[in-house]
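Inside the fold
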Amino acid sequence: VQLQASGGGLVQPGGSLRLSCVTSEKLSRINEMAWYRQAPGKERELVATLPLTGDINYKDSVKGRFSIASDSAKNTVYLQINSLKPEDTAIYYCNAHNYEVGIGYRDYWGQGTLVTVSS
C-alpha cells in the first residue's frame, strides 16, 4: 500500500487545516487507517484511527477538535484539524494497518506532512 499525504502548512493558533491521505488500495481492503504525528524531539504518537469496522478513536487531547473521515470513491482519508494550538505543531503521518495473508498485520506509512502552528 502506498500512501501520499498532503495539506500541511503554517497556520495561526485557532486556525484549521484539512490533511489528506490518498491510498493506492481501495479503502475497503484496508483494515484500519490512522493519522499519527511526531513533534520535534518527541516520539510519534497516534492521533486518530478509522477502522474498516468498529469505532473511530481519537487521542484525548484532540477530541472535539480533530475529525477523521474517508471518501472511498477517492481512496482518500482526511484529518480535519480545528482550533489549532502551538502544541499541535508536528509532522503528521498517514498510516495503513492491514492484515495480509501469510504475513500478518503490516503497517504502511506516508511521507508525512508538516503542520506548524504559530502566530
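Overview of the structure. All values reported here derive from a predicted model rather than from experimental measurement.

Here's the deal with the environment of Ala73
With respect to the element layout, Ala73 can be found in the loop between β7 (66-71) and β8 (76-81). Residue Ala73 is classed as exposed on the basis of its relative accessible area, which comes to 77%. Distance in space between the C-alpha atoms of Ala73 and Leu114 is 26 Å, their sequence separation being 41 residues.

Remarks on unusual backbone geometry
A positive phi angle is found at Asn75, which is not glycine, with a value near 50°. With respect to the helices and strands, the residue Asn75 is situated in the loop between β7 and β8. The class of Asn75 is buried, set by a relative accessible area of 19%.

Remarks on a nonpolar patch on the surface
A surface patch of nonpolar side chains, amounting to about 400 Å² of accessible area, comprises Tyr99, Val101 and Tyr105. Position of Tyr99 among the secondary structure elements: in strand β9 (residues 90-100).

Focus on the pairing of β7
It is a general feature of regular strands that their side chains alternate between the two faces of the sheet. Summarising the sheet, β7 and β8 pair through 6 bridges and their orientation is antiparallel. What sits directly across from Ser67, in β8, is Gln80.

With respect to the sheet that holds strand β3 (residues 17-23)
Strands sit in the order β1-β3-β8-β7 across an open sheet of 4 strands; the sheet is antiparallel. For this open sheet the edge positions go to β1 (3-6) and β7, each flanked by a neighbour on one side alone. Averaged over all pairs of adjacent strands, the angle between strand axes in this sheet comes to 15°, irrespective of strand direction.

A short note on the packing of aromatic side chains
Counted under the stated rule, the structure contains 3 aromatic pairs. Considering the side-chain rings of Tyr36 and Trp109, the 4.9 Å spacing of their centres and the 65° angle between planes classify their relative orientation as edge-to-face. Linking Tyr36 in strand β4 (residues 32-38) with Trp109 in strand β10 (residues 104-109), this pair joins segments that are 73 residues apart in sequence. Seen in terms of ring centroids, Phe66 and Tyr92 are 6.5 Å apart; in terms of plane orientation they differ by 50°. Their pairing is tilted. Of this pair, Phe66 sits in strand β7 while Tyr92 sits in strand β9, placing them 26 residues apart in sequence. Tyr92 matches Phe66 in its accessibility class, with the two residues each being buried. One cation-aromatic arrangement involves Arg44 over Tyr93; the distance from NZ or CZ to the ring centre is 3.7 Å. Against the face of Trp109 rests Arg44, its NZ or CZ located 4.5 Å from the ring centre.

Some thoughts on the side chain of Arg37
Looking at the element boundaries, Arg37 is found in strand β4. Side-chain polar atoms of Arg37 contact the side chain of Glu45, separated by 2.7 Å. A polar side-chain atom of Arg37 sits 3.0 Å from a polar atom in the side chain of Tyr92.

Here we look at the pattern of salt bridges
Under the definition given, this model contains 7 salt bridges. For the salt bridge of Glu25 with Arg29, the shortest nitrogen-to-oxygen distance reads 3.7 Å. Of the residues examined, Arg29 reaches a relative accessible area of 58% and is grouped as exposed. A salt bridge links Arg37 to Glu45; its shortest N-O distance comes to 2.7 Å.

Conventions used here
Residues numbered from 1 in each chain as written. Predicted model: local features only at pLDDT ≥ 70, side-chain atom pairs only at ≥ 80, totals over all residues. Heavy atoms only, no water. Helix = DSSP H or I, 4+ residues; strand = E, 2+ residues; numbered from the N terminus. Buried < 20%, exposed > 50% of the residue type's maximum accessible area, 1.4 Å probe, protein only. Patch = residues over 30% accessible without salt bridge, like charges linked within 9 Å, V, L, I, M, F, W, Y side chains within 5 Å. Areas by Shrake-Rupley, 256 points an atom, 1.4 Å probe, with all protein chains shown as cover. Salt bridge = Lys/Arg side-chain N within 4 Å of Asp/Glu carboxyl O. Pairing = 2+ DSSP bridges. Axes fitted to C-alpha atoms, helices over the stretch in contact; angles between N-to-C directions. Phe/Tyr/Trp six-rings, centres within 6.5 Å; stacked < 30°, edge-to-face > 60°. Lys NZ or Arg CZ within 6 Å of the ring centre and 35° of its normal. Polar contact = N/O pair within 3.5 Å; in protein donor to acceptor, adjacent residues only side chain to side chain.

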